[in-house]
Amino acid sequence: MDNFVMIAFCISAGMIFQHAKFMPHDAHRGINIWILYLALPAVSFKYIPHITWSNQMVFPAISPIIVWAGSWIFMEFYCRYKKYGQRTRSTLELSSGYSNTSFIGFPLITAYFGEHDLSIAIICDQVMFVLLSTVGIIAAVKGNPSDTGGVKVSLLIKRLFAFPPFIGCVSALFLSKFIDLQVAEPFINKLTATVGPLALFSVGLQLKFKGWKQQISQLSMAMLYKLVIAPGLVLCIAIIMGIKGDIARISIFEAAMPTLITSGIIAEQFRLNARLVNLIIGISILVGFVTTACWNGIMDYLMI
């Protein structure tokens, strides 16, 4: 219960401070820099060295791919039926194909399952970022009406290998094989402890809901896929593959997370419908607190 109180308090505080006159409109960027460059890499160093690798650990890596592929197919049929153009389709793909596996996912996983399961969540998070940095950027470029140069492979590679959490993940994998990291554990633990509160406060600073009625059709379809269909797909694959326990539960739970905040940044950079993406991000976070509780209940009922 204490974890849920912390989640509600941090997001509410962010929403309140968002309207404070002394708070810069881009205050969340400074917080995000701390999280991305220090806190999230520290999470990798804390949990990845202690992962017990097995064949089933492949599942957290493929679950974000399932979510993305399902979104691509779902939005293909939906946009054809509604006769939407490529810009709208790319916008909806960014809104529904990528989960908020860290900023919202990590605090909620800690609240529901405990910190020890973050090692599984890290795998989901890193694959999700790789997808966003590759196929996500490709979709954004295709939907940009002013872009005629196509996708540059060098840009994708640069974005991927310059992303601090990705660097932290790879470093933790290799350095833990050769270096005893126990000496640094007190410092790493203090950095890791800042992820939840600061990430949730940053989310609260960015939540916006103005104009949702004008976008209700696209908004509802994106959230239907992201919060209901996507985790359902991962659940079905887990049952088919016979994956159970913490690995299945965390993979499904991460798939049930609301829309990734970074999707809104990419939509703005590539001149997609950033307003729609930000609406989906904000509303899916609030609705997601209810739907993730429902998915947790479903997994308990099915004894996943």
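Residues numbered from 1 in each chain as written. Predicted model: local features only at pLDDT ≥ 70, side-chain atom pairs only at ≥ 80, totals over all residues. Heavy atoms only, no water.

Trainee: Could you give an account of the overall build of the protein, with specific residues and numbers?
Mentor: When helices and strands are counted, the protein shows 14 helices and 0 strands. Each helix and strand of the protein, placed in order from N terminus to C terminus, yields the pattern α-α-α-α-α-α-α-α-α-α-α-α-α-α. The C-alpha radius of gyration computed for the protein amounts to 19 Å, which stays within 12% of the reference 19 Å derived for 304 residues, consistent with globular compactness. Viewed in the frame of its principal axes, the protein has a C-alpha envelope of about 55 × 55 × 45 Å. The proportion of buried residues among the 304 residues of the protein is 54%. Here the contacts in the protein between residues at least 6 apart in sequence split such that 87% fall between residues at least 24 apart. Surface accessibility of the protein: about 14600 Å² in total, with carbon and sulfur atoms responsible for 67%. (Helix = DSSP H or I, 4+ residues; strand = E, 2+ residues; numbered from the N terminus. Rg over C-alpha atoms; globule rule 2.2 N^0.38 Å. Buried < 20%, exposed > 50% of the residue type's maximum accessible area, 1.4 Å probe, protein only. Contact = heavy atoms within 4.5 Å. Areas by Shrake-Rupley, 256 points an atom, 1.4 Å probe, with all protein chains shown as cover.)

Trainee: Break down the nonpolar core for me, with residues and values.
Mentor: One finds Leu94 and Phe106 to be the most contacted residues of the largest nonpolar core, which totals 90 residues. When residues in this core are grouped by element, the largest group, 12 residues, is from helix H6 (residues 118-143). Ignoring any residue separated from it by four or fewer positions in sequence, one finds Leu94 in contact with Leu132, Gly136, Ala140, Thr259, Ser263, Ile266, Ala267 and Leu272. (Core = buried A, V, L, I, M, F, W, Y, C linked by side-chain atoms within 4.5 Å.)

Trainee: Describe the side chain of Ser44, listing the residues and the values that go with them.
Mentor: Considering the arrangement of structural elements, one finds Ser44 in helix H2 (residues 27-47). With a relative accessible area of 2%, Ser44 lands in the buried category.

Trainee: Residue-level account of the pattern of salt bridges, with values.
Mentor: Scanning the model with the defined rule gives 5 salt bridges in all. One salt bridge in this structure joins Glu115 and Lys46, with 3.4 Å as the shortest N-O distance. Of the two residues, Glu115 sits in the loop between helix H5 (105-112) and H6 while Lys46 sits in helix H2, which places them 69 residues apart along the sequence. In this structure, Glu76 and Arg80 form a salt bridge, with 2.5 Å as the shortest nitrogen-oxygen distance. Residue Glu76 and its partner Arg80 are located together in helix H3 (residues 58-82), separated by 4 residues, close to a single helical turn. Using a relative accessible area of 12% as the deciding quantity, one classes Glu76 as buried. Among the charged side chains, a network of salt bridges with common partners joins Glu76, Arg80, Arg89 and Glu93. (Salt bridge = Lys/Arg side-chain N within 4 Å of Asp/Glu carboxyl O.)

Trainee: For the packing of aromatic side chains, give the residues involved together with the corresponding values.
Mentor: Here the distance between the centres and the angle between the planes together describe a pair of aromatic rings. Going through the model one piece at a time under the given rule, you end up with 6 aromatic pairs. Where Phe74 meets Tyr225, the ring centres are 5.6 Å apart and the plane angle is 35 degrees; that geometry is what we call tilted. Separated by 151 residues along the polypeptide, Phe74 in helix H3 and Tyr225 in helix H11 (residues 216-241) bring together distant segments of the chain. Neither residue differs from the other here; Phe74 and Tyr225 are each classed as buried. Aromatic pair Phe113 and Phe253: ring centres 5.1 Å apart, planes at 85 degrees, arrangement edge-to-face. (Phe/Tyr/Trp six-rings, centres within 6.5 Å; stacked < 30°, edge-to-face > 60°.)

Trainee: Now, about helix H10 (residues 195-206): what can you tell me, with residues and values included?
Mentor: Each α-helix turn comprises 3.6 residues. Residues three or four places apart therefore point the same way. Taking 1.5 Å of rise per residue, 12 residues should cover 16 Å, and H10 covers 16 Å from first to last C-alpha, within 8% of that figure. Of all 12 residues making up H10, 10 are buried, and the element is well covered by its neighbours. (Expected span 1.5 Å × (residues − 1).)

Trainee: Please set out the environment of Met15 residue by residue, giving values where relevant.
Mentor: Relative to the helices and strands, Met15 resides in helix H1 (residues 2-18). Met15 gets classed as partly exposed once you look at its relative accessible area, which sits at 28%. Residues Met15 and Phe45 lie 30 residues apart in sequence; the distance between their C-alpha atoms is 31 Å. What Met15 contacts, discounting residues up to four positions off in sequence, is Gly204, Leu205, Leu207 and Phe209.

Trainee: Give a detailed account of helix H4 (residues 86-96), specifying residues and quantitative values.
Mentor: Within H4, 8 of the 11 residues are buried, which leaves the element mostly enclosed by the surrounding structure. Listed in full, the buried residues belonging to H4 are Arg89, Ser90, Thr91, Leu92, Glu93, Leu94, Ser95 and Ser96. Among the structural elements, H3, H6, H11, helix H13 (262-269) and helix H14 (274-302) are those in contact with the buried residues of H4.

Trainee: Break down the packing of helix H12 (residues 245-255) against H14 for me, with residues and values.
Mentor: For the pair H12 and H14, interaxial distance at closest approach is 10 Å and the crossing angle is 155 degrees. If you check the angle between H12 and H14, you find them roughly antiparallel. The element H12 and its partner H14 pack so that their crossing is right-handed. The residues of H14 that touch H12, namely those facing Arg249, Ile252 and Phe253, are Thr292, Asn296, Met299 and Asp300. (Axes fitted to C-alpha atoms, helices over the stretch in contact; angles between N-to-C directions. Parallel < 35°, antiparallel > 145°, perpendicular 65-115°, else oblique. Left-handed = near helix turned anticlockwise from the far one by under 90°.)

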